[in-house]
Amino acid sequence: MQAQLQLDLTRGALAPASLSDAARRFGVLPMPVLAWTPEVERETAHLYEKVKRVIPPVEWPFHAPYVKAINDLKRQRNAVILAHNYQTPEIYNCVADVVGDSLQLAKLAGASDADIIIQGGVHFMAETSKLLNPSKTVLIPDSKAGCSLAESITGADVRALRAQYPGVPVVAYVNTSADVKAEVDICCTSSNAVRVVESLGVERVIFLPDRYLAQNVAAQTKVKIIAWTGACEVHERFTADELMRYRAEDPGIKIIAHPECPREVVEVADFSGSTAMMIDYVKNNHPRRVLLVTECSMADNVAAETPEVEFVRPCNLCPHMKRITLPKILESLVYLREEVTIDPALAARARLSVQRMIDLG
Ligand code: 13P
Ligand code: SF4
């Protein structure tokens, strides 16, 4: 028996004056009719198989019409969706073309030959995609998808740091705006931060904006780190006491923490690495029970693929990542919004710092 579900998206209709430049170039398409029909059920059944452990059957009829419409429109538009590991399971498993951590997504954006790149992630990630593939149309379904780290520092702050520490090179975590990237020597991500810092061959570096990532890097290198004071609003909430309580209840539990967590949290963990490294750890080691100390959608995404592992979920959500939804991705594809643009002179300088990181291999 098919549920009769008809979704109304007419509120998304745009007046011509509000068309994006991309919409003027490629044209607006009609908004597809969204209904849970036997055809939709049949065509999305293989995708539901991937998420059935984390999305209850009663919810699938709400997601499936969007999933089908998005996948159809992607083909029509020659578009790809790059989704970060924190995207919700229906985005990560059912409409994304590639998934990964910040470094993987940046590399894949640079190599993409699609006409349109839709970023399933936050604004600095979309800017990085535009920097690395400037001739492409890069869209972010909600431009308010920010990041507490990226918002903690400006290009003017970096110039002031340089004046305070003349001659000391500046390393910026990719969780920064293009404005900041344009002022620094090289970027890094959580998967290569120590290597980037050591690649400079100097005694001390300025590292920004995450003070906790800075502490976690400092613990692994002899290079002296001068840190900015930013923090990730999701990872700074975890405490070592909380993790110790989980371990006291189950001494066999594996605790895996993102390096944006405070130093004392990472010290309690069995492993620390980027989101992709955390996923690889679970897939390669098959722990019986695991606590992923990071944004909690990621546990759903890994759980969908590793049924043998039990996940303990202290649920800290990133409100910025959660701004990206299937309805907004669909609107992005229909109306080609919201287009990411960067002033070309600024982009040329910002690109250098990202490219230096990529060139390290
Ligand atoms: P990763 O590069 O590890 O995916 O981290 C990005 C991020 O924003 C984590 O909060
Ligand atoms: Fe930024 Fe933290 Fe959200 Fe990652 S989880 S996007 S670092 S606020």
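Our subject is the structure listed above.
Residues numbered from 1 in each chain as written. Chains lettered and ligands numbered in written order. Predicted model: local features only at pLDDT ≥ 70, side-chain atom pairs only at ≥ 80, totals over all residues. Heavy atoms only, no water.

Overview of the pattern of salt bridges
Point 1. Throughout the structure, instances matching the rule amount to 21 salt bridges.
Point 2. Here Glu-339 ties to Arg-25 by a salt bridge, and the two come within 2.9 Å at their closest N and O atoms. Pair noted here: Glu-339 is in the loop between α15 (326–335) and α16 (344–359) and Arg-25 is in helix α1 (residues 21–26), with a separation of 314 residues, a long-range link.
Point 3. Where Asp-97 meets Lys-74, a salt bridge forms, and the shortest distance between an N and an O atom there is 3.2 Å. Pair noted here: Asp-97 is in the loop between α4 (89–94) and β4 (98–100) and Lys-74 is in helix α3 (residues 60–77), with a separation of 23 residues, a long-range link.
Point 4. Judged by its relative accessible area of 39%, Asp-97 falls in the partly exposed class.
Point 5. What makes Lys-74 buried here is its relative accessible area of 8%.
Point 6. Linked by salt bridges that have partners in common, Glu-43, Lys-68, Asp-72 and Arg-75 make up one network. (Salt bridge = Lys/Arg side-chain N within 4 Å of Asp/Glu carboxyl O. Helix = DSSP H or I, 4+ residues; strand = E, 2+ residues; numbered from the N terminus. Buried < 20%, exposed > 50% of the residue type's maximum accessible area, 1.4 Å probe, protein only.)

Digging into the nonpolar core
Nonpolar side chains in soluble globular proteins tend to end up buried together.
Point 1. In this structure, Trp-60, Ile-70, Phe-207, Leu-292, Phe-311 and Met-357 are the most contacted members of the largest nonpolar core, which totals 101 residues.
Point 2. At 7 residues, α3 tops the list of elements feeding residues into this core.
Point 3. If sequence neighbours within four positions are ignored, Leu-292 has contacts with Ile-256, Met-278, Val-282, Met-298, Ala-299, Val-302, Phe-311 and Val-312.
Point 4. Counting residues in each nonpolar core, the second largest holds 14 residues, with Ala-240, Ala-257, Val-268 and Val-312 among its members. (Core = buried A, V, L, I, M, F, W, Y, C linked by side-chain atoms within 4.5 Å. Contact = heavy atoms within 4.5 Å.)

Considering the side chain of Thr-189
Point 1. For Thr-189, the location among the structural elements is in the loop between β8 (186–188) and α9 (193–199).
Point 2. For Thr-189, a relative accessible area of 3% corresponds to the buried category.
Point 3. Leave out the neighbours within four places in its chain, and Thr-189 touches Ser-102, Leu-103, Tyr-173, Val-174 and Met-357.

Side note on the sheet that holds β4
Point 1. Read across the sheet, 4 strands follow the order β4-β3-β5-β6 without closing on themselves; strand pairing throughout is parallel. Of all strands in the sheet, those with a lone pairing partner are β4 and β6 (137–139), marking the two edges. Across the sheet, the axes of successive neighbouring strands diverge by a mean angle of 20 degrees, strand direction being ignored.
Point 2. Sheet analysis places strand β5 (residues 116–120) next to β6, joined by 3 bridges and oriented parallel. Note that in β6 the partner of Ile-117 across the bridge is Val-138. (Pairing = 2+ DSSP bridges. Axes fitted to C-alpha atoms, helices over the stretch in contact; angles between N-to-C directions.)

What about the packing of helix α5 (residues 102–111) against helix α6 (residues 123–132)?
Point 1. It is at 8 Å that the axes of α5 and α6 come closest, and there the two elements cross at 35 degrees. α5 and α6 meet at a crossing whose hand is right-handed. Contacts from Ser-102, Ala-106, Ala-109 and Gly-110 of α5 reach α6 at Met-125, Thr-128, Ser-129 and Leu-132.
Point 2. Classifying every residue of the contact of α5 with α6 gives 4 nonpolar, 4 polar and no charged. (Left-handed = near helix turned anticlockwise from the far one by under 90°. Nonpolar A, V, L, I, M, F, W, Y, C, P; charged D, E, K, R; others polar.)

With respect to helix α2 (residues 38–51)
Point 1. Helix length check: α2, at 14 residues, gives a terminal C-alpha distance of 19 Å against a target of 20 Å (1.5 Å per residue), a fit within 8%.
Point 2. Roughly 55 degrees is the biggest bend found in α2, and it falls at Ala-45.
Point 3. Of the positions making up α2, those classed as buried are Val-40, Thr-44, Leu-47, Tyr-48 and Val-51.
Point 4. Here the buried face of α2 lies against β2 (34–35), α3 and α4. (Expected span 1.5 Å × (residues − 1). Bend = angle between axes of the 7 residues up to and from the residue.)

Notes on the site of ligand 2
Point 1. Close contacts around ligand 2 come from Tyr-86, Val-122, Cys-147, Ser-148, Leu-149, Asn-175, Cys-232, Val-234, Glu-260, Cys-318 and His-320, and that covers them all.
Point 2. Broken down by class, the residue content of the shell around ligand 2 amounts to 7 nonpolar, 3 polar and 1 charged. (Near = heavy atom within 4 Å.)

Quick word on the site of ligand 1
Point 1. Neighbouring residues of ligand 1: His-84, Tyr-86, Asp-101, Ser-102, Tyr-173, Asn-175, Ser-190, His-235, His-258, Glu-260, Ser-274 and Thr-275.
Point 2. One of the side-chain N or O atoms of Ser-190 is found 2.8 Å from an oxygen atom in ligand 1.
Point 3. Between ligand 1 and His-258 there is a distance of 2.8 Å, counted from an oxygen atom to a side-chain nitrogen or oxygen.
Point 4. Summarising the interface, the protein chains cover 96% of the accessible area of ligand 1, which totals 300 Å² for the free molecule.
Point 5. Per-class residue counts for the shell around ligand 1 are 2 nonpolar, 8 polar and 2 charged. (Polar contact = N/O pair within 3.5 Å; in protein donor to acceptor, adjacent residues only side chain to side chain. Areas by Shrake-Rupley, 256 points an atom, 1.4 Å probe, with all protein chains shown as cover.)

Notes on the side chain of Asn-316
Point 1. Along the chain, the position of Asn-316 falls in the loop between β14 (310–312) and α15.
Point 2. Reaching out from Asn-316, the side chain makes a polar contact with the backbone oxygen of Val-234 at a distance of 3.4 Å.
Point 3. Discounting residues that sit within four places of it in the chain, Asn-316 has contacts with Val-234, Arg-237, Phe-238, Thr-294, Glu-295 and Cys-296.

Looking at the pairing of strand β3 (residues 79–84)
Point 1. Counting buried residues along β3, 6 of its 6 residues qualify, which places the element largely inside the surrounding structure.
Point 2. Residues Ala-79, Ile-81 and Ala-83 of β3 are buried on one face, and the alternating residues Val-80, Leu-82 and His-84, pointing to the opposite face, are buried as well.
Point 3. Where β3 lies against β5, 5 bridges are found, and the strand directions are parallel. By the bridge assignment for β5, Leu-82 is matched with Gln-119.
Point 4. Pairing between β3 and β4: 3 bridges, direction parallel. The residue of β4 that forms the bridge with His-84 is Gly-100.

Read these as layout, nothing more, since geometry by itself doesn't imply function.
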